[in-house]
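Report on the structure
The residues making up each chain are set out below.
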Amino acid sequence: MPTEFKLDFLKSNLKYNRIIYILMVLFTVFLSASGVIKSTIVLIYYVLLFLLFLGIDELLFKFKYQKLAENEGKFPTFLFHSRTIIYVTLITAGCVFEVLPAALVVIVLYMVIYLLAQDTILGDVFDVLLNTIRNVAITVVVCLFLFFIQYRKEIKIEWIIEFFISTGIVTMITVLVQNFYYRTVVHFDDKYTKLYFKTSDVIAENNKLIQFREKVEKVNNEINYQKINLTKANDDLAKSNEEVRSLIQVMKYFSGSFDVEKNAHVMINNVMEIKKTGAVALYIDRDIYMNEEPYVEVISYNDVTSSMLKQDIPYIYNSVKARKNLEPLVLCENFDFKQPYLTGGNICNAVAFPAYENDTVYGVMVVTSSKYDFFEKGYSFYESSIMDFTSALISDRLYLKTEDMAKKDGLTKIYNRVYFNQFYPQLIKEVEESGDVLTVCMLDIDHFKNINDTYGHLAGDEVIKTVASIDQKYAKMNHGTAVRYGGEEFLMILRNIKVPVALSILMEMHDEIVDTIVNFEGQEISINTSIGIASYPETCDNINEVLDRADQAMYFSKENGRGMIVIDGLEEEAIRMKNMNTEGDENESTSN
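Here the structure is a predicted model, which means the values were calculated and not measured. Here, residues in each chain are numbered from 1, in the same order as that chain's written sequence. Confidence filtering applies because this is a predicted model: local features only for residues at pLDDT of at least 70, side-chain atom pairs given and counted only at 80 or more, and all residues used for totals across whole chains, interfaces and linings. Processing note: side-chain calculations cover all non-hydrogen atoms of the structure and skip hydrogens and water entirely.

**Let's talk about helix α10 (residues 417-434)**
Put simply, the rule is: The secondary structure listing takes helices from DSSP runs of H or I that are at least 4 residues long and strands from runs of E that are at least 2 residues long, numbered from the N terminus. Multiplying 1.5 Å by the helix residue count minus one yields the expected span of that helix. Fitting axes to the seven residues that end at a residue and to the seven that start at it, the angle between those axes gives the bend at that residue. Note on classification: 1.4 Å probe, protein chains only; a residue is buried when its accessible area is under 20% of the maximum for its type, exposed when over 50%, partly exposed between these limits. Polar contact is the term for a pair of N or O atoms within 3.5 Å; when the atoms are in protein, one must be able to donate a hydrogen and the other to accept it, and sequence-neighboring residues count only if both atoms are side-chain atoms.
Its 18 residues give α10 an end-to-end C-alpha distance of 25 Å, which sits within 8% of 26 Å, the value for a rise of 1.5 Å per residue. The largest bend in α10 comes to about 30°, at Phe-423, with the proline Pro-425 one to four residues further on. Taken residue by residue, α10 has Tyr-419, Phe-420, Phe-423, Tyr-424, Leu-427, Ile-428 and Val-431 as its buried positions. With a side-chain oxygen positioned 3.3 Å from the backbone nitrogen of Val-418, the residue opening α10 is Asn-416.

So this is what it looks like as structure tokens:
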């Protein structure tokens, strides 16, 4: 039988014991009170005996219950067999004191049957024959002893009849109880065995189902993990496709534009938008694409970061250029600054990407972010952007050089007459529409034919280059344009500069030209120029006549002694000023 059943059965027997022993005590007292039991000794004996049985069984049953519950081993069977024999003997021994009344004899026989039944049920020995023999033997001995003592004073036929009847009844009841118990146990054991095997099969199936479920869960977990990886891979692929498409769009823009600085802006703006960076800065050294000054552009969401990048990027460029490799330079990694740059802003990661051509670094792109592990997916997009820009830069530079050769005079390297004829009409239109001031200055080298005849054409070329460089210098200083208009004729075109300011500029330029000595093959050549100024709308109401009026003012200077700066409409004033200067020079010579 299963342990749970035994425990439950034992607990029930303990309750029955209490009830039966208490009932036996009460019944004995009742028999004494009613006069059936006349002996006080018998009364006390059986009351105390039943209470003793109650106390012993409480301890014994609880001990057996504890053994079973804690699974500490099998309860000793001999204790129950000994208990049965002792209890039966003590119950039967009551007749020693006095002849027991019939009612008490019935109680004694009932208790014998009850104790034998308990021995059978709780003894845990399932040998039917052995238990039957033992129980029959105990019954016969009890009856013999009981009736022998009970009827020790006389022997009657009733004694024999009562003995056999009592023995038969007790034996029959004991055997019936035993057989019923054994059959019940066998029946339940059979059911329990079948149920156990069925349960084992169910448990086995459940275990299989559990294993299958675990496998399914494992497969599902793997599938979910693969789904997550696939989703991540799809996201990465989509992001990669977006990056590739953006690079293609930028390359398309490059192919249709020859403006290096616009291309640079488009490139860094694309990096900013695609990668969601905090800031992107680009530095290109001078003389890379015919730029006389370094090019710097910064796009940033943070003004502090923008200021720091503009301040530090030249030094970052020098650090990158000084290295012996072309790998990206990590400036800051997760707030750990590797280089002494950009340390004052909210920058978590920053990397400098070299811009190089034929292993020569010409610039640097700095990318920053306030996000943690921003560059964990690598640098390929940024390096591709820089490489695409470099490829476009090479083409742009070739185009710019070709265009520059077409626009500029081969000797002086300033704009030529052909380019002037292209941009001047557009300039007139813009000035007329905007209402700006347009001042045109024309200058011609005085006695240039004599220079050629005296010193040779190569010397003349040096003079032309000198005057052109000075013209270019002052034009650039004042955001104007210098042009070689003819052989020894030059223009300075000034926008939004009125005549008084233009005059002061030209006077300073004229003094520098006069003070400049051209050294050629050991000979010193002095230079002077005649200059004419015309301005719209100050000296000329028709913007289309400004160039001619400047030319006329310049020729007025040449026809009236040369070396003068003549303002359109103020020719006589120029002569007066020259005469005053001449008289002053003569007076100074006389006094000396």
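**What to know about the sheet that holds strand β12 (residues 529-536)**
As a reminder, the rule being used: Two strands are counted as paired when DSSP detects at least two bridges linking them. Interaxial angle, 0 to 180 degrees, is taken between N-to-C directions of lines fitted to C-alpha atoms, where a helix line uses only the stretch in contact. In what follows, residue pairs with any heavy atoms lying within 4.5 Å of each other are defined as contacts.
Across the sheet, which stays open at both edges, the five strands sit in the order β8-β9-β7-β12-β13 with mixed pairing between neighbours. Across the chains shown, the open sheet's two edge strands, defined by having one partner strand only, are β8 (481-484) and β13 (565-567). Averaged over all pairs of adjacent strands, the angle between their axes in this sheet comes to 20°, without regard to strand direction. In the sheet, β8 pairs with strand β9 (residues 489-495) via four bridges, with the strands oriented antiparallel. Across the sheet, residue Arg-484 finds its bridge partner in β9, namely Phe-490. Together, β7 (438-445), β8, β9 and β12 form the strand contacts of α10, whose direction differs from that of β9 by roughly 25°. Sheet strands in contact with helix α13 (residues 499-515) are β7, β9, β12 and β13, and its direction is about 165° off that of β12.

**Comments concerning a nonpolar patch on the surface**
Condition: Two joining distances apply to patches: 9 Å for like charges and 5 Å for nonpolar side chains (Val, Leu, Ile, Met, Phe, Trp, Tyr), and every residue must have over 30% relative accessible area and no salt bridge. Per-residue and other accessible areas were derived by the Shrake-Rupley procedure at a 1.4 Å probe size, with only the shown protein chains allowed to occlude residues. Between Lys or Arg on one side and Asp or Glu on the other, a salt bridge is scored when a side-chain nitrogen of the former is within 4 Å of a carboxyl oxygen of the latter.
Together, Tyr-16, Ile-19, Ile-22, Leu-23, Leu-26, Ile-44, Leu-48 and Leu-51 line one region of the surface with nonpolar side chains, adding up to about 770 Å² of accessible area. Those elements that provide at least two residues to the nonpolar patch are α1 (3-33) and α2 (40-70). It is α1 that provides the largest number of residues to the nonpolar patch, a total of five residues.

**Quick word on the pattern of salt bridges**
Counting across every chain of the model gives 14 salt bridges. Its salt-bridge partner being Glu-217, residue Arg-213 comes within 3.8 Å of it at the nearest N-O pair. With a gap of four residues between them, Arg-213 and Glu-217 both fall in helix α6 (residues 157-256), about one helical turn apart. The exposure class assigned to Arg-213 is partly exposed, which follows from its relative accessible area of 48%. With a relative accessible area of 39%, Glu-217 lands in the partly exposed category. Linking Glu-545 and Arg-549 is a salt bridge whose minimum nitrogen-to-oxygen distance equals 3.8 Å. By relative accessible area, which is 35% here, Glu-545 ends up partly exposed. In this structure Arg-549 comes out as partly exposed when scored by relative accessible area, which is 23%.

**A short note on the nonpolar core**
Using the following cut-off: Only buried Ala, Val, Leu, Ile, Met, Phe, Trp, Tyr and Cys residues count toward a nonpolar core, and they belong to the same one when joined by side-chain atoms within 4.5 Å.
One finds Tyr-21, Tyr-46, Phe-50, Ile-91, Leu-100, Leu-104 and Met-111 to be the most contacted residues of the largest nonpolar core, which totals 34 residues. Looking at this core, the elements with two or more residues in it are α1, α2, α3 (77-92), α4 (102-122) and α5 (128-150). Here the element with the most residues in this core is α4; it accounts for ten residues. Beyond its immediate chain neighbours, meaning those up to four positions away, Tyr-46 contacts Thr-28, Ile-91, Gly-94, Cys-95, Leu-100, Leu-104 and Val-108. Membership of the second largest hydrophobic core comes to 33 residues, among which are Val-463, Tyr-474, Met-509 and Ile-567.

**Overview of the side chain of Asp-444**
Note on placement: Asp-444 falls in strand β7. Side-chain polar atoms of Asp-444 contact the side chain of Lys-558, separated by 2.5 Å. Setting aside anything within four residues of it in sequence, one finds Asp-444 in contact with Glu-488, Glu-489, Asn-528, Thr-529, Ser-530, Met-554 and Lys-558.

**Observations concerning the sheet that holds strand β6 (residues 360-369)**
The six strands are arranged β2-β1-β6-β5-β3-β4 in an open sheet whose pairing can be described as antiparallel. Each edge of the open sheet carries a strand with a single partner, namely β2 (295-300) and β4 (336-337). Here strand β5 (residues 349-357) pairs with β6 via nine bridges, running antiparallel. Looking across to β6, one finds that Pro-354 is bridged to Val-364. The strands that helix α7 (residues 260-275) touches are β1 (279-284), β2 and β6; relative to β2, the one it contacts most, it runs at about 30°.

**Things to note about the packing of helix α11 (residues 448-455) against helix α12 (residues 457-477)**
Stated formally: Relative orientations are named as follows: roughly parallel for angles under 35 degrees, roughly antiparallel for angles over 145 degrees, roughly perpendicular for angles from 65 to 115 degrees, and oblique for any other angle. The classification used treats Ala, Val, Leu, Ile, Met, Phe, Trp, Tyr, Cys and Pro as nonpolar, Asp, Glu, Lys and Arg as charged, and all other residues, Gly among them, as polar.
Relative orientation of the contacting elements α11 and α12 amounts to 140°, with a least axis distance of 6 Å. Taken as axis vectors, α11 and α12 run oblique relative to one another. Residues Phe-448, Ile-451, Asn-452 and Tyr-455 of α11 pack against His-457, Ala-459, Gly-460, Val-463 and Ile-464 of α12. When the residues that make up the contact of α11 with α12 are grouped by side-chain class, the tally is six nonpolar, three polar and no charged.

**Concerning the side chain of Thr-439**
With respect to the helices, strands and loops of the structure, Thr-439 is situated in strand β7. For Thr-439, the side chain forms a polar contact with the side chain of Ser-535, separated by 3.1 Å. Residue contacts for Thr-439: discarding those within four places in its chain leaves Met-492, Ile-493, Leu-494, Ile-497, Lys-498, Ala-502, Ile-533, Ala-534 and Ser-535.

**A short note on the packing of α12 against α13**
This is how the line gets drawn: Crossing chirality is assigned from the near helix's rotation relative to the far helix, an anticlockwise turn below a right angle marking it left-handed and a clockwise turn marking it right-handed.
Relative orientation of the contacting elements α12 and α13 amounts to 150°, with a least axis distance of 10 Å. Between α12 and α13, the interaxial angle falls into the category roughly antiparallel. Seen along the crossing, α12 lies across α13 with a hand that is right-handed. Across from Val-467, Ile-470, Asp-471, Lys-473 and Tyr-474 in α12, the residues of α13 making contact are Ile-505, Glu-508, Met-509, Glu-512 and Ile-513.

**Looking at the packing of aromatic side chains**
Using the following cut-off: Two aromatic rings from Phe, Tyr or Trp, using only the six-membered ring of Trp, form a pair when their centres are within 6.5 Å; if the ring planes differ by under 30 degrees the pair is stacked, by over 60 it is edge-to-face, and anything between is tilted.
In the structure shown here, the tally under the stated rule is 20 aromatic pairs. Note on Phe-420 and Tyr-424: the rings are 4.7 Å apart at their centroids and 25° apart in plane angle, and the pair reads as stacked. Here Tyr-424 and Phe-420 lie together in helix α10, a separation of four residues that amounts to about one turn. You can call Tyr-424 buried: its relative accessible area is 8%.

**Comments concerning α13**
Note the threshold: By construction, the arc corresponds to the directions joining the helix axis to the C-beta atoms.
Under the 1.5 Å per step criterion, the end-to-end length of α13 is 24 Å for 17 residues, consistent within 8% with the ideal 24 Å. Taken together, the buried positions of α13 are occupied by Val-499, Ala-502, Ile-505, Leu-506, Met-509, His-510 and Ile-513. Buried residues in α13, looked at end-on, bunch into an arc of 135°, giving them a common side. Exposed and facing more than 90 degrees away from the buried side of α13 are Pro-500 and Asp-515.

Remember that the coordinates give geometry; whether it matters functionally is a separate question.
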